[in-house]
2 protein chains.
Amino acid sequence: MSKESLSELRRQYEEWCKKGLSLDLTRGKPGREQLALSEEMLGVISSGDDCHSEGGLDCRNYGCLDGIPEAKKLFSELLGIPESMLFIGGNSSLNMMFDTVSRCMLFGTAGSEKPWAQQGKIKFLCPSPGYDRHFAICKAMGIEMITVDINPGGPDMDMIEDYVNNDPAVKGIWCVPKFSNPSGYCYSDETVRRFAALKPAAPDFRIFWDNAYAIHEIYDEEVKLLDIFEEAKKYGNEDLIFYFASTSKITFPGSGVAIMAASENNLRQMLPYVSAQTIGYDKINQMRHVKYFKNADGVRAHMKEHARIIRPRFEAVINAFRENLTGVARRWTEPKGGYFIDLSVPDGCAKRVFDLCAGAGVKLTTVGAVYPYGLDPNDRHLRIAPTYPDFEELTLATEILCLCVKLAVAEREEG
Amino acid sequence: MSKESLSELRRQYEEWCKKGLSLDLTRGKPGREQLALSEEMLGVISSGDDCHSEGGLDCRNYGCLDGIPEAKKLFSELLGIPESMLFIGGNSSLNMMFDTVSRCMLFGTAGSEKPWAQQGKIKFLCPSPGYDRHFAICKAMGIEMITVDINPGGPDMDMIEDYVNNDPAVKGIWCVPKFSNPSGYCYSDETVRRFAALKPAAPDFRIFWDNAYAIHEIYDEEVKLLDIFEEAKKYGNEDLIFYFASTSKITFPGSGVAIMAASENNLRQMLPYVSAQTIGYDKINQMRHVKYFKNADGVRAHMKEHARIIRPRFEAVINAFRENLTGVARRWTEPKGGYFIDLSVPDGCAKRVFDLCAGAGVKLTTVGAVYPYGLDPNDRHLRIAPTYPDFEELTLATEILCLCVKLAVAEREEG
């Protein structure tokens, strides 16, 4: 790759700007083709007879707080978590996470003396770059966020152990252990083991284990994540974990099923509050998922179809990066699953790339969104979401993005 | 009606006990025939094409926090509330109420200085007999409950004005203004006007206006409820009201659509927190309702069908009470809609009736459930739910209930 001059890059950039494009790389949403994969699920329940669950429960009526048995069975098989630990909810695992933090704030945890809200300043650890909506929950709750670096095998465990095991104000940590948002990093066995073996200074410390991409491989090879509950059991630490998953990126983002897993102690403490909150979640939609997939293999086969659609999109972006940004960008991730690529540009360049892209009609995720308080300390990270645009839009937007990175870096070198 | 002797009543009671019946008058749930009315809604969305909302929004995907425009239009027309004041949610208005109280606890209200949770002891007024799940929210939150009597035209407004206008610790009141649970009482125009004209001592006082039975008449005659927002506007009091409704007893209790209405100020304050809680509620289910009903007249026609099923059940119970309990019970309500009848027996007899019924295989709602802290101060009220059992079960259970009331009263008179 010969290095183009700043003036040549500027000339190319001006050409793009003239075209009046409107492209978008911000949205971590399944695309049209992916939504069409679950088309048949929409019609799978069409009469009252389809609504009857085991033991005579009518899914149309009130009742059944923690999910229908068939849904527990399906997700137990899929996630390898005992049915007795599962709580099946509404359409959003984010909602479940917010509600879980909210319960801790107002009512405390199993075995805690006081609700979080009555303990003055409390803190969460935030491996970053991370998921902006996790950070938004902390922000809403007034919980102080502490940034922890994340690397290919998981977050900086030395720092985490140091905080969690010594500071009783540290009450939680956000984890996306598999295909982490936005890096795509997966937690190594050692990382999971060190999480399982934490000795928190706070009796009401909890790990928010958001396994959002539990089965979201884009290649045939399965990426194994160690079972956090099994590991935690060895240390008597099962109560540390609040586990979340959902079908938002399996069936429909707006009408999926959210899943939570927790120890017996934790469920016993939280379910009475859930019972004050609602009589039950949408059981017809739970049944819709069960009837459509039948079993875990049904879900796994379905995920192969998603992979078939998503894989070429990731590859198109990564190939463009390899071709254009080798030696220019700091690095980019090459995830084996999930929904995002983290493009890391030389320090101090990310905002400039964002602005340049905007000028040429390519919308990027706000720089800093993947850090607590919206502050990327090195002005370095760009979150790229390849699933939603049309394929042609995606390749075009990526081409312009690459040019903008080169231009920003060249400006900086010459500036 | 000749008065039977205690020994004769005891003999009759023993006969019932021998039969080993298992009947249930506790459940305020629609019955099988009612669920069947919405059968066609289940299949009304069967392809992705059915999921497109105005302006290109795809209901299957993420987005649209406060409800699809079509749902806002439908419920605006039905409830007579401007679309701009509506927020359409998930499957449960109870969940919306819990979340609303929860937000007040953690984040405060529009214009408030401190969240409720940071103000020490706070109180709610609870018109009673009332809805047990309202009281359960207060109990979970540690909010002190103050019982206020309710009468045919609404709760004791003198007492309410006295509390609300003088005690800044009073932060809220639970209201079911139409076909109040369990009495079936409807708020008179004067009651609504006095609510609208409150001058709360607390700047963060709110009226929780749970219009659960907004269109749930069982006779052709419409029971008019004055528009609380219109009245409140006259006093600049629109911010006082959090309004709730749902389709749980229109379509499916487990898979309906919950509706909230609030002033512009209140929505502006709360929606950012809702946005931290979820990306959006189940829009496909919102669209399912819209496509099935088409417009408000569609819903109204549907409610006539519910009325046709429910009316004879209310009448069967009330006729049995008239025939058997005149001069025996204190009184009973004869609602023109809703889901419950309040049977009031002589003081100190309700628990005895409950126990006698249990002995004869008839399950009644726990005495006291309709009062804060589960304490009926006069041991007087029995909540009767006529919709769920088969019609034969209902008439049989009512016959036994009447006998048990007569027996309890006779025991007391002779005891």
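Draft legend 1. Representation of the packing of aromatic side chains within the structure. Evaluated as defined, the whole model comprises 30 aromatic pairs over all chains. Plain terms: the ring middles of Tyr-187 of chain A and Phe-195 of chain A are 5.8 Å apart, the flat faces sit at 10 degrees to each other, and that makes the pair stacked. The same class applies to Tyr-187 of chain A as to Phe-195 of chain A, namely buried. Arranged with centres 5.5 Å apart and planes meeting at 45 degrees, the rings of Phe-124 of chain B and Trp-174 of chain B form a pair that is tilted.

Draft legend 2. Spotlight on the interface of chain A and chain B. Residue-level contacts link 54 residues of chain A with 54 residues of chain B. Both sides of the chain A and chain B interface together cover about 4300 Å² of buried area, and 55% of this is carbon and sulfur. Among the residues chain A hides against chain B, the three largest losses belong to Leu-42, Arg-60 and Tyr-62 of chain A. Together they make up 17% of the total. At the boundary of chain A with chain B, the tally comes to one salt bridge. Seen at the junction of chain A and chain B, the total is 21 residue pairs in polar contact (both at pLDDT 80 or more). For the side of chain A that touches chain B, the secondary-structure elements that each account for two or more residues are α2 (32-37), α3 (39-42), α5 (93-107), α6 (132-141), α10 (264-277) and α11 (283-293) of chain A. Tallied by class, the residues present in the side of chain A that touches chain B amount to 26 nonpolar, 18 polar and 10 charged.

Draft legend 3. Local environment of the relation of the copies chain A and chain B. For the pair chain A and chain B, the best superposition has an RMSD of 0.0 Å and corresponds to a rotation of 180 degrees with a translation of 0.0 Å parallel to the axis. Within this description, the copies of the chain are treated as partners about a two-fold rotation axis. Using C-alpha coordinates, one finds that chain A approaches the rotation axis most closely at Gly-43 of chain A, a distance of 3.0 Å. Most of the interface of chain A is mirrored in chain B, where 100% of its interface residues again form contacts.

Draft legend 4. A look at the sheet that holds strand β13 (residues 381-384) of chain B. Residue and element names in this part refer to chain B. The strand order across the open sheet built from three strands is β10-β11-β13, with neighbouring strands paired in antiparallel fashion. The two strands at the open ends of the sheet, each matched to only one other strand, are β10 (331-332) and β13. One ladder, built from two bridges, connects β10 with strand β11 (residues 341-344); its direction is antiparallel. Paired with Trp-332 across the bridge in β11 is Leu-343. Helix α12 (residues 296-325) contacts β10, β11 and β13 of the sheet and is inclined by roughly 15 degrees relative to β11.

Draft legend 5. Region of interest: the side chain of Gln-34 of chain B. All names here are of chain B. With respect to the helices and strands, the residue Gln-34 is situated in helix α2 (residues 32-37). Since its relative accessible area comes to 1%, Gln-34 is described here as buried. Looking at Gln-34, its side chain comes within polar contact range of the side chain of Tyr-339, at 2.9 Å. For Gln-34, the residues in contact, after removing those within four places along its chain, are His-306, Ile-309, Ile-310, Tyr-339 and Thr-387.

Draft legend 6. Molecular detail of the sheet that holds strand β6 (residues 170-175) of chain B. All names here are of chain B. One open sheet holds the eight strands; their spatial order is β2-β9-β8-β7-β6-β3-β4-β5, and the pairing between them is mixed. Unpaired on one side and paired on the other, β2 (86-88) and β5 (154-155) mark the two borders of the sheet. Where strand β3 (residues 123-128) meets β6, three bridges bridge the pair, whose relative direction is parallel. Its bridge partner being in β6, Lys-123 is matched across the sheet by Val-170. Set on the sheet, helix α5 (residues 93-107) makes contact with β2, β6, β7 (206-210), β8 (241-246) and β9 (258-261); between it and β8 the angle comes to about 160 degrees. Its contacts with the sheet put helix α7 (residues 157-166) on β3, β4 (144-151), β5 and β6, and the angle it makes with β4 is roughly 150 degrees.

Reading the values: the criteria
- Residues numbered from 1 in each chain as written.
- Chains lettered and ligands numbered in written order.
- Predicted model: local features only at pLDDT ≥ 70, side-chain atom pairs only at ≥ 80, totals over all residues.
- Heavy atoms only, no water.
- Phe/Tyr/Trp six-rings, centres within 6.5 Å; stacked < 30°, edge-to-face > 60°.
- Buried < 20%, exposed > 50% of the residue type's maximum accessible area, 1.4 Å probe, protein only.
- Contact = heavy atoms within 4.5 Å.
- Buried area = accessible area lost by both parts, 1.4 Å probe.
- Salt bridge = Lys/Arg side-chain N within 4 Å of Asp/Glu carboxyl O.
- Polar contact = N/O pair within 3.5 Å; in protein donor to acceptor, adjacent residues only side chain to side chain.
- Helix = DSSP H or I, 4+ residues; strand = E, 2+ residues; numbered from the N terminus.
- Nonpolar A, V, L, I, M, F, W, Y, C, P; charged D, E, K, R; others polar.
- Least-squares fit on C-alpha atoms with pLDDT ≥ 70 in both.
- Pairing = 2+ DSSP bridges.
- Axes fitted to C-alpha atoms, helices over the stretch in contact; angles between N-to-C directions.

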